[in-house]
Amino acid sequence: MEKLALKTPDITAQNVDKVAQLFPNCITESRDWQGKLVRAIDFDQLQQELSPILIDGISESYRLDWPGQKRCVVKANEPTTKTLRPCREESVNFDETKNIFIEGNNLDALKLIQESYLSGIDLIYIDPPYNTGSDLLYNDYFAEDKEAFQELTGQRDDEGNRLMSNMASYGRFHSDWLSMLYPRLRLARNLLRDTGLILVSIDDHELPNATKLCELAFGPQNYVATLVWEKGRKNDARLFSVGHEYILVFAKSLAALKAAKTLWREEKPGAREIWEKFVELRSRFGEDYKTIEIGLQKWFAELPKSHPSKKWSRYKRVDKNGPWRDRDISWPGGDGPRYEVLHDKTELPCKIPEPGWRFATPEEMQRQIKLGLVEFREDHTEPPFRKAHIRPIPEELEDEPLDDEAEEAQTEDEFATQVRGSYFYKQSQVAVKYLRKLMGAKVFDNPKDHFELARLFDYVTNSKADARVLDFFAGSASTAQAVMQLNRQDGGRRQFILVQLPEVLDPSKKSQKAAAKFCEQMGKPGTIAEIAKERIRRAGKEVAQSSADIGFRVLKIDTSNMNDVYYAPDVATQENLLGQVDNIRPDRTPEDLLFQLLIDWGLDLSLRIGEEIIAGKKVYFIDGNVLAACFDTEISEELVKELAKRKPLRAVFRDASYKSDSVKINADQIFKLLSPQTEVRSI
Ligand SMILES: C[S@@+](CC[C@H](N)C(=O)[O-])C[C@H]1O[C@@H](n2cnc3c(N)ncnc32)[C@H](O)[C@@H]1O
């Protein structure tokens with residue numbers, strides 16, 4: 001029972017909480033007037049959050065700090081004028097798919113999708129470079145230019161003179177890595193739903209920093225777990241064979257997960273196969289459960305030791321609800337209720353278990369007996385036991401009393417479930433071999449195992465059928481395949497958004513040779529992004545028979561579609577103010593402009609695009625009437641009127657596209673009259 005506070009609320013603490021929700025990185029620890037440690041605001045940080053210029057000043061507090069941290073804040077908050085240009089030729093099912101592949105730097109990508117997916121992502125998985133310094137296909141070494149770093153840290157002045165005699169180099173590596181990741185994590189956080197999560201793969205090199213960094217970006221109160229992924233022994237190790245790595249799990253808000261009564265469970269691996277065997281036997285032997293039991297027990301005995309179902313061979317009894325095992329019928333912890341329960345054959349009171357009965361009342365016990373969930377022994381001298389079915393019926397899920405909603409969610413499809421431990425094993429070679437076979441060459445170092453990712457994604461999203469998953473360090477696109485795999489398994493409509501830099505492959509380097517050759521054979525530029533896109537195409541073919549969305553829209557980051565004048569109206573001449581100079585770069589297509597509109601208005605980048613000819617001009621309609629845009633020149637009043645009659649939510653024309661100035665002036669009026677709710681804009 002909660003104790004009464006018997007004092008008024010601590011308003012300062014409440015205010016600190018409010019700031020923490022907006023800026024989790026601005027929270028630190030400080031001593032109050034009684035000398036007690038309390039959560040407090042780091043005003044330096046807060047000031048930096050609210051300022052576009054670098055703020056100087058140091059205050060003493062407990063926090064992760066490194067040279068360049070504040071610059072990260074400026075970097076993350078700075079706007080970008082870049083844009084996303086669609087590339088139909090490289091996409092698959094461009095018009096229907098909901099999946100997105102962004103080619104470019106993830107810092108830009110995260111900024112560009114801020115509005116479109118604000119609080120709209122269920123799960124972020126990232127596998128950033130581990131900063132090992134190893135010679136890998138991708139850059140795994142973060143050392144900013146040495147001079148620049150020393151200048152930044154005050155070890156050298158602007159002219160390059162050394163200011164300190166003993167210049168630290170250790171920090172150089174970690175600081176650069178932290179500065180790389182931090183702005184991205186900050187932007188990523190905004191994209192998560194309140195109940196969303198981020199999973200960060202990392203190894204020993206940066207685990208301590210990564211943990212602290214995630215605490216800074218997401219708040220220490222939102223830490224969930226550090227998973228250990230054992231990948232196998234390295235026998236050539238000198239001291240210890242460190243064959244594992246980690247996955248850090250942080251919630252956007254652990255409080256929101258708790259409020260939603262979130263419970264993560266997964267099907268016991270191998271349980272489904274037992275059920276399938278039962279169904280097969282039932283089709284042969286009908287309701288002869290004894291014979292089905294014999295058949296099932298024989299099947300268990302013949303399974304190889306490594307088979308996942310072998311572990312569940314206790315589910316060897318069968319009744320109308322399927323295979324079951326026995327379990328204890330006593331009150332957990334002792335001191336449970338004691339009442340009379342008559343044996344079904346001897347009709348004498350059964351022995352009461354030492355801790356008392358599991359069910360609080362004799363009525364509940366009788367209900368369970370009637371449901372066939374209690375199994376009596378030979379006679380009354382031993383207590384009966386309860387049945388646990390491999391596919392539990394709602395009445396036997398007694399541990400957490402289910403509310404109505406949870407009971408409804410208990411579908412036909414649910415199997416015995418388990419909570420996952422924080423350790424799991426899957427050899428790294430499985431994924432390496434799989435990818436090599438799929439691509440016909442060794443095109444990527446250390447791909448993640450997409451089956452393991454799928455299992456994890458399913459677990460932390462509670463099998464949400466339309467979960468949106470983001471990975472902004474896509475590499476070979478294992479995340480895309482994991483998402484497609486899950487959709488294939490359960491017919492879901494999950495969506496992926498991937499970001500990958502077109503990191504150039506150097507064919508002269510041993511580690512990159514095969515990948516570079518692979519791209520060359522495809523007739524594509526030698527970049528990791530090309531490898532990733534091809535992996536998705538090939539993986540899609542593997543699941544093509546299912547209803548899973550195997551398409552993806554390729555969007556490439558590029559400079560703005562608009563020329564510089566657009567952003568600097570102060571330097572505009574009288575001429576272009578009148579709209580006679582086109583603001584749009586000549587190499588840009590109408591679809592390029594459409595995507596810029598989607599970004600600007602924060603609309604989903606996977607919305608359907610339709611086209612129609614109206615009054616002789618091409619008009620694009622996004623998702624029906626979400627947005628209508630015409631970029632043709634010489635547009636007439638007739639077109640404006642026709643469009644206004646369709647009452648789109650938003651309408652866009654090109655500045656230089658009106659037939660005459662009077663059409664331009666009238667356009668606004670026409671919309672005001674015919675469709676006042678339409679937001680009309682020009683570019
Ligand atoms: C460790 S790998 C990811 C591997 C991936 N999980 C897989 O299973 O294939 C990291 C990837 O991030 C990419 N990367 C690094 N910096 C990036 C950036 N700024 N923007 C986008 N991608 C980046 C690298 O090119 C590399 O492919």
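Each value, and the rule that gives it
- Residues numbered from 1 in each chain as written.
- Predicted model: local features only at pLDDT ≥ 70, side-chain atom pairs only at ≥ 80, totals over all residues.
- Heavy atoms only, no water.
- Helix = DSSP H or I, 4+ residues; strand = E, 2+ residues; numbered from the N terminus.
- Buried < 20%, exposed > 50% of the residue type's maximum accessible area, 1.4 Å probe, protein only.
- Polar contact = N/O pair within 3.5 Å; in protein donor to acceptor, adjacent residues only side chain to side chain.
- Contact = heavy atoms within 4.5 Å.
- Pairing = 2+ DSSP bridges.
- Axes fitted to C-alpha atoms, helices over the stretch in contact; angles between N-to-C directions.
- Arc of directions from axis to C-beta.
- Near = heavy atom within 4 Å.
- Areas by Shrake-Rupley, 256 points an atom, 1.4 Å probe, with all protein chains shown as cover.
- Nonpolar A, V, L, I, M, F, W, Y, C, P; charged D, E, K, R; others polar.
- Core = buried A, V, L, I, M, F, W, Y, C linked by side-chain atoms within 4.5 Å.

Caption draft 1: Main features of the side chain of His343. When you line up the elements, His343 lands in the loop between strand 11 (322-327) and helix 11 (362-370). Judged by its relative accessible area of 2%, His343 falls in the buried class. In terms of polar contacts, His343 uses its side chain to reach the backbone amide nitrogen of Thr346, at 3.2 Å. Only 2.6 Å separates the side chain of His343 from the backbone oxygen of Arg377, close enough to count as a polar contact. Residues contacting His343, with those up to four places away along its chain left out, are Leu348, Cys350, Phe376, Arg377, Glu378, Asp379 and His380.

Caption draft 2: View of the sheet that holds strand 20 (residues 617-622). With respect to topology, five strands assemble into an open sheet ordered 19-20-21-22-23, the strand pairing being mixed. This sheet does not close on itself; its edge strands, each paired only once, are strand 19 (609-614) and strand 23 (679-682). Sheet twist, expressed as the mean angle between neighbouring strand axes with direction ignored, is 20 degrees. Bridge count between strand 19 and strand 20: six bridges; the pairing is antiparallel.

Caption draft 3: Region of interest: helix 16 (residues 510-522). Turning to helix 16, its buried residues number three or more, namely Gln512, Ala515, Ala516, Phe518 and Cys519. The arc enclosing the buried residues of helix 16, seen along the axis, measures out at 155 degrees, which places them on a common side. The outward face of helix 16, more than 90 degrees from its buried face, is lined by the exposed residues Lys510, Lys513, Lys517, Glu520 and Gln521. Summarising the contacts, the buried residues of helix 16 are in contact with helix 13 (428-439) and helix 17 (528-542). Remark: Gly523 follows helix 16 within two positions and exhibits a positive phi of approximately 75 degrees.

Caption draft 4: Looking closely at the site of the ligand. In the vicinity of the ligand, 21 residues are found, and the nearest of them are Asp127, Lys448, Ser476, Ser478 and Glu503. Within the side chain of Asp127, a nitrogen or oxygen atom sits 2.7 Å from a nitrogen atom of the ligand. Here an oxygen atom of the ligand and a side-chain polar atom of Glu503 are 2.5 Å apart. Relative to its unbound accessible area of 610 Å², the ligand is 96% covered by the protein chains. Its residues assigned to classes, the shell around the ligand comprises 10 nonpolar, seven polar and four charged.

Caption draft 5: Summary view of the sheet that holds strand 15 (residues 423-425). With mixed pairing, the 10 strands of this open sheet are ordered in space as 3-18-4-17-16-5-6-8-7-15. If you trace the sheet from one side to the other, it starts and ends with strand 3 (83-86) and strand 15, each paired once. Sheet twist, expressed as the mean angle between neighbouring strand axes with direction ignored, is 20 degrees. By the bridge criterion, four bridges tie strand 16 (residues 468-471) to strand 17 (residues 495-500) in an arrangement that is parallel. What sits directly across from Leu470, in strand 17, is Ile497. Strands strand 6 (192-202), strand 7 (223-230) and strand 8 (244-251) of the sheet are contacted by helix 7 (residues 207-218), whose axis makes an angle of about 10 degrees with strand 8.

Caption draft 6: Layout of the nonpolar core. Membership of the largest hydrophobic core comes to 69 residues, with the highest contact counts inside it found for Ile102 and Leu605. Setting aside anything within four residues of it in sequence, one finds Leu605 in contact with Leu84, Ile100, Ile113, Ser116, Tyr117, Arg553, Leu555, Phe595, Leu598 and Ile599. Judged by nonpolar contacts, the second largest core, of 54 residues, contains Leu137, Ala477, Leu486 and Ile550.

Spatial relationships are all this shows, so hold off on functional conclusions.
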